[in-house]
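Each chain, written out:
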Amino acid sequence: MAASLLSSPSLSSHRINQAFVHLHSSHQTGMRCNFKLYMVPAQAIRHYCTLRTSTSVASLNVDVACEGNSSAASSPSDLRSRSKTLLQSPSNASDGMNDLERQLQELYDEVKAMILMGNKDDAVDLLQANYGVVKKQINAGSRGIEEAATLDVIALGYMAIGDLESVGPILNLMNKVVESLKDDEPLLDSVLIHMGSMYSALGKFESSMVAYKRAIGVLESKHGKSSIFLVSPLLGMAKILGSIGRVKKAIEVYHRSIAILESSKGVESEDLVVPLFGLGNLLMKEGRTTDSEIHFNRILSIYRKLYGENDGRVGMALCSLAHAKCSTGNVEEAIDLYRKGLQLIKDTNYIALDDSIMEKMRIDLAELLHVVGRGKEGRELLEECLLISERSKGKDHPSSVSHLINLATSYSQSKNFVEAERLLRISLELMAKTVSPEDQSITFPMLHLAVTLYHLNRDEEAEQLALKVLRIREKAFGKDSLPVGEALDCLISIQTRLRRGDAELLELLERVLKIQEKENPWSEEVMQTLKKIVYYLDKLGRKDEKFSIQKRLSVLRMKYKQRVQY
């Protein structure tokens, strides 16, 4: 059964990507499981696209920091740039719009201040009041750049709050207003760039592309095709193209943005970091690891040139390069780079120890150390993660669950199943305080515990846990889902050793086969399951069925062998 990546949003405020158990049952030797560490995702680094957006109902000159979901200047998940903003939008408001600019700047600043003070409800009330006013103006026939720009700031306010549901309808109304505007409106480019960014954050990539394309057209007509003002919408478009699989076009757009920046800012400008990282990341995703490494090395060179060897940005770049090195198979070199980078970040206090980015990089390094057999070193990093989490959030905080499970995974790998059980019991106790006993997220440590109990020869307890996991997952994901297949795989191994009925085990194996074939009918896992089905059909004397399965298995072996050779 191929390991699947599942999200458990109810586990805690940190979403934990569960790369869970890869289980193979065997009618003779029992259970073999490989564990992968739980990755607490880097909340993609808060990227800053400070764009001077003039909005209007008179005029607005707003330096808006679009944090978090902006694709326009989207930073990669392992690199934080704390430098100034990449670009300033070229729009220049006329003198007659200064009052509106000031008013909308004040509105946005007030919303941000309320959020920082924890007065989210007051911020929402303020945005709703302003939205009501501008909506009345639009309904009365006013559909100018003033209304579009005002809606822009209101939408950005909701983005800052994190209320994406409210952003959608505002964008739809903005789109209707913007469609009627001519390209020579003074603030249209900035509004379009923000629309592209916000549509991207909502996953509406086609609408985002339309907004970015128009913004690029407006800017090209005003400033030419080599203007630095084009970089922001170009980066937004490149990210979307990569996301929807148009890789060749995405690479072209990244190269165009890099060429513009090199021409206007120089080949060692820090502004190059964002497009270089985006391009490197995309190439790595496409398996072009050697090409991607070139761009990560260039980022490192830029930071060293600008800030010297002992700067936190250099540490971040080292960790990014380590990630690329790992993808090329240079694991030992990657480990060395990670260690140097993490130590440099720590020494310079560039990022807080409890920051999610630091946490992810420690876990990445711990996983690499386990891969090369240096489990003790990896476990020390995992213990550090747990300690930092407990110090910053308290021992009973749900975020500790992922670290406890990671440590349990490490101890299981070193055959210390007693300690693994203890940690898993603690993680389940913590989860019980925040989620229902029937919540699907609780099944991940529960199944892990079932495997651990199996290794401790406590098969009856393991069986009860596996059955509970199976029931919860069937209800949550459906009877033919991958998570259910994982639970079935575990249960079969346990029940095989408990000598449950052959017919019952065969029925479970047939369920597993159905799930595996739906995922990949030519996989090695399918072959292994077919072998086990042949074994039980033979034991049950069902010769006719056995021969048909053997024929299928023979064909599959041949196809699999050809694929491997190819």
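I will try to describe carefully the structure that is included in this document.

What counts as what
- Numbers given for residues are sequential positions, taken from 1 along each chain in its written order.
- Restriction of local features to residues with pLDDT of at least 70 applies here, the model being predicted, together with a cutoff of 80 or more for giving and counting side-chain atom pairs; totals for whole chains, interfaces and linings are based on all residues.
- Hydrogens and water are ignored here; the side-chain numbers use all heavy atoms of the structure.
- Here a helix means four or more residues in a row that DSSP labels H or I, a strand means two or more in a row labelled E, and each is numbered from the N terminus.
- To sort residues, take the accessible area from a 1.4 Å probe on protein chains only and compare it with the maximum for the residue type: under 20% means buried, over 50% means exposed, and anything in between is partly exposed.
- The term salt bridge refers to a pairing of a side-chain nitrogen on Lys or Arg with a carboxyl oxygen on Asp or Glu at a separation within 4 Å.
- Note on aromatic contacts: the rings of Phe and Tyr and the six-membered ring of Trp form a pair at centre separations within 6.5 Å, being stacked when their planes are under 30 degrees apart, edge-to-face when over 60 apart, and tilted otherwise.
- Angles shown run from 0 to 180 degrees and are taken between the N-to-C directions of axes, each axis being a line fitted to C-alpha atoms and, for helices, limited to the stretch in contact.
- When an angle is under 35 degrees it counts as roughly parallel; over 145 it counts as roughly antiparallel; between 65 and 115 it counts as roughly perpendicular; any other value is oblique.
- Crossings are sorted by hand: turned counterclockwise from the far helix by less than a right angle, the near helix makes the crossing left-handed, and turned clockwise it makes it right-handed.
- A contact between two residues is defined here by any heavy atoms of the two lying within 4.5 Å.

1. Overview of unusual backbone geometry
- Despite not being glycine, Lys415 shows a phi value in the positive range, around 70 degrees.
- If you trace the backbone, Lys415 turns up in the loop between α15 (400-413) and α16 (417-432).
- Lys415 gets classed as exposed once you look at its relative accessible area, which sits at 61%.

2. With respect to the pattern of salt bridges
- Applying the stated rule across the entire model yields 33 salt bridges.
- For Lys265, the salt bridge identified is with Asp271, shortest N-O distance 3.1 Å.
- In this structure Lys265 comes out as partly exposed when scored by relative accessible area, which is 43%.
- Members of the salt-bridge network, linked through shared partners, are Glu332, Arg339, Arg374 and Glu377.

3. Overview of the packing of aromatic side chains
- For the structure on display, the rule yields 3 aromatic pairs.
- Aromatic side chains Phe277 and Phe296 sit 5.2 Å apart centroid to centroid with 80 degrees between the ring planes, which places their arrangement in the edge-to-face category. Of this pair, Phe277 sits in helix α9 (residues 273-285) while Phe296 sits in helix α10 (residues 289-307), and the two are 19 residues apart along the sequence.
- Taking relative accessible area as the criterion, Phe277 reaches 3% and is therefore assigned buried.
- According to the relative accessible area criterion, Phe296 is buried, its value standing at 1%.

4. Let's talk about the packing of helix α5 (residues 188-201) against helix α6 (residues 205-223)
- Running from N to C, α5 and α6 cross one another at 155 degrees; their axes reach a closest spacing of 8 Å. Comparing the axis directions of α5 and α6 gives the class roughly antiparallel. Every pair of crossing elements has a handedness; the one defined by α5 and α6 is left-handed. Contacts between α5 and α6 involve Leu188, Asp189, Leu192, Ile193, Met195, Gly196, Ser197, Tyr199 and Ser200 on the former and, on the latter, Phe205, Ser207, Ser208, Ala211, Tyr212, Arg214, Ala215, Val218, Leu219 and Lys222.

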